[in-house]
Amino acid sequence: MSLESIKYQRGNLEVLDQLLLPFQKKYIKVEGVEDGWKVINKMQVRGAPAIAILGCLSLAIELLKDNSSDKKVMRQEIEGKLNYLVSARPTAVNIKLAADELINLANTLSADESINPDEFKERFISSIEGMLSKDIEDNKAIGRYGCEAILKNLEGDGQVRVLTHCNTGSLATAEYGTALGVIRSLHSAKRLEHVFCTETRPYNQGARLTAFELVHEKIPATLIVDSMVAALMHVRKIGAVVVGADRVAANGDTANKIGTYQIAIVAKYHNVPFYVAAPFTSIDINVPSGEHIKIEERPDKEMTHIGDRRIAAPGINCWNPSFDITPAFLITGIITEKGVFLPHMLKTLFPI
Ligand SMILES: CSC[C@H]1O[C@H](OP(=O)(O)O)[C@H](O)[C@@H]1O
């Protein structure tokens, strides 16, 4: 059983505080949208899909307690609370797409006179609860397609070494993960020789979270420092790189954890296939290319300190973008729950 980032039963929502991992497993109660915004903004829960699911579930928790009998008031409040949740972190698109869909649903339910306020709440909350199981289903499909794509480059029935960056596993999604889901699928198929995971400074999603998930499931893995990727590819044959995504633009340019871009450059130099694993909920067809994606900048303290211990000279300036953009030409394929696509083919998959 992989680690659960989000625990939900109707009326009760808790998140695993990822700032304390891997040393302490502590769940925090989320009682509404204010709590939801805070745990996302502080990165106690993080990962594009998990952010969207947790944010929307925090609204469901609040709506369940709402005794309003006026659908129009409920609809208005829903829109305001979803827009507030979207503001917690700007780069990942999943929560924005989920908010747009839920606002459309609220408008439809509000306008339908055959639906009373209780039915409105029931249908709205059930729609949010469906996000959990759909995300897990999507991740399993991404795992299958990704496993197939990576193995088709291999002769015979050998095993493959894979490199991944940041955390894209059960701690970044409802369960199983995206890029780490592909790795889980390779491992289940007994075709995974080894995983190399980068520590992913400054938040250390790799050293603290991915390493935790891989050790937890006894998947053979080695942690490397972010600056070791080129040296590793020079001395070891890496069969593929697979990473996640926070927002994929219409032309396939991909915003992902800072450091992804340079890994893609090194992979291109070493002829290593470079895959992005992401559900359709991470694809923003309204954004034409990567330069239009807002990159979140995080507090200096995340760079100058590890926990409460300062590791950088006091007074030094810092630049702390949380993501970078990998241009589509460096990406071999985008692994989704509907199949693997060449980056430039994405826009053909969406109705005009
Ligand atoms: C499937 S998670 C996608 C994405 O989210 C992570 O960013 P953060 O830890 O800052 O939320 C990382 O970029 C993952 O690749």
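Residues numbered from 1 in each chain as written. Predicted model: local features only at pLDDT ≥ 70, side-chain atom pairs only at ≥ 80, totals over all residues. Heavy atoms only, no water.

Student: Describe the environment of Met131, listing the residues and the values that go with them.
Tutor: On the secondary structure map, Met131 appears in helix H5 (residues 117-151). Along the chain, Met131 and Thr198 lie 67 residues apart, while their C-alpha atoms are 29 Å from each other. Contact partners of Met131, with chain neighbours within four places excluded, come to Ala52, Ile53, Cys56 and Ala98. (Helix = DSSP H or I, 4+ residues; strand = E, 2+ residues; numbered from the N terminus. Contact = heavy atoms within 4.5 Å.)

Student: Describe in detail the site of the ligand, supporting the description with residues and values.
Tutor: For the ligand, the set of nearby residues contains 18 residues, the closest of which are Gly47, Arg89, Asp246, Asn256 and Lys257. Note that an oxygen atom of the ligand is positioned 2.9 Å from one of the side-chain N or O atoms of Gln205. Contact with the protein chains covers 100% of the free accessible surface of the ligand, which is 400 Å². Looking at the shell around the ligand, the elements with two or more residues in it are helix H2 (48-64) and strand S9 (254-257). Class assignment of the residues belonging to the shell around the ligand gives a composition of seven nonpolar, seven polar and four charged. (Near = heavy atom within 4 Å. Polar contact = N/O pair within 3.5 Å; in protein donor to acceptor, adjacent residues only side chain to side chain. Areas by Shrake-Rupley, 256 points an atom, 1.4 Å probe, with all protein chains shown as cover. Nonpolar A, V, L, I, M, F, W, Y, C, P; charged D, E, K, R; others polar.)

Student: Give me the lowdown on the nonpolar core, citing residues and values where you can.
Tutor: Soluble globular proteins tend to bury their nonpolar side chains together. Counting residues in hydrophobic clusters, the biggest one holds 42 residues, and the most contacted among them are Leu54 and Phe124. Counting residues per element, the ones that place at least two in this core are strand S1 (6-9), strand S2 (12-16), helix H1 (33-41), H2, helix H3 (71-86), helix H4 (94-111) and H5. No other element matches H2, which puts eleven residues into this core. Those residues within four positions of Leu54 in sequence are excluded, and the remaining contacts are Ile6, Leu13, Val15, Val30, Gly36, Val39, Ile40 and Val45. Among the nonpolar cores identified, the runner-up in size contains 26 residues, and Val229, Ala245, Val272 and Phe274 belong to it. (Core = buried A, V, L, I, M, F, W, Y, C linked by side-chain atoms within 4.5 Å. Buried < 20%, exposed > 50% of the residue type's maximum accessible area, 1.4 Å probe, protein only.)

Student: Could you give an account of the environment of Glu62, with specific residues and numbers?
Tutor: By the element assignment, Glu62 lies in helix H2. Under the relative-accessibility criterion, Glu62 is labelled partly exposed at 23%. In the structure, Glu62 is positioned 30 residues away from Gly32 in sequence and 4.9 Å away in space, judged by C-alpha atoms. Not counting the four nearest positions on each side in its chain, Glu62 is found in contact with Gly32, Val33, Glu34 and Lys81.

Student: Go over the UniProt feature "active site" (unreviewed entry) in the chain with me, naming the residues and quoting the values.
Tutor: Here, UniProt's "active site" (unreviewed entry) annotation points to Asp246. Checked against the element boundaries, Asp246 lands in the loop between strand S7 (240-243) and strand S8 (247-249). Assessed through its relative accessible area of 9%, Asp246 is described here as buried. Not counting chain neighbours up to four residues away, the residues in contact with Asp246 comprise Ala48, Thr91, Ala92, Val93, Asn94, Ala255, Asn256, Lys257, Ser282 and Phe323. (UniProt positions renumbered as here; feature names shortened; annotations may be inferred.)

Student: I'd like a description of the sheet that holds strand S11 (residues 283-284), backed by residues and values.
Tutor: The four strands lie next to each other as S11-S8-S9-S14, forming an open sheet whose pairing is mixed. Taken across any chain shown, the strands that pair with only one partner, and hence form the sheet edges, are S11 and strand S14 (323-326). Here S8 pairs with S9 via two bridges, running antiparallel. Along S9, the bridge assignment pairs Val248 with Thr254. Helix-sheet contacts for helix H9 (residues 260-269) involve S9 and S14, and the interaxial angle to S14 is about 35°. (Pairing = 2+ DSSP bridges. Axes fitted to C-alpha atoms, helices over the stretch in contact; angles between N-to-C directions.)

Student: How would you summarise helix H6 (residues 179-188) if you had to cite specific residues and measurements?
Tutor: Among the ten residues in H6, eight count as buried, and that is most of the element. Ala179, Leu180, Gly181, Val182, Ile183, Arg184, Ser185 and Leu186 are the residues of H6 that are buried. Count one or two residues on from H6 and you reach Lys190, which has phi positive near 55°.

Student: Got a sec to walk through the sheet that holds S2? Specific residues and values, please.
Tutor: Strands sit in the order S1-S2-S3 across an open sheet of three strands; the sheet is antiparallel. Two strands lie at the open edges of the sheet, namely S1 and strand S3 (27-29), each paired on one side alone. With direction set aside, neighbouring strand axes in the sheet form an average angle of 20°. Note: S1 against S2, four bridges, orientation antiparallel. Across the sheet, the residue bridging to Lys7 is Glu14, located in S2. Each of S1 and S2 is contacted by H2, which is oriented at about 30° to S1, the strand it contacts most.

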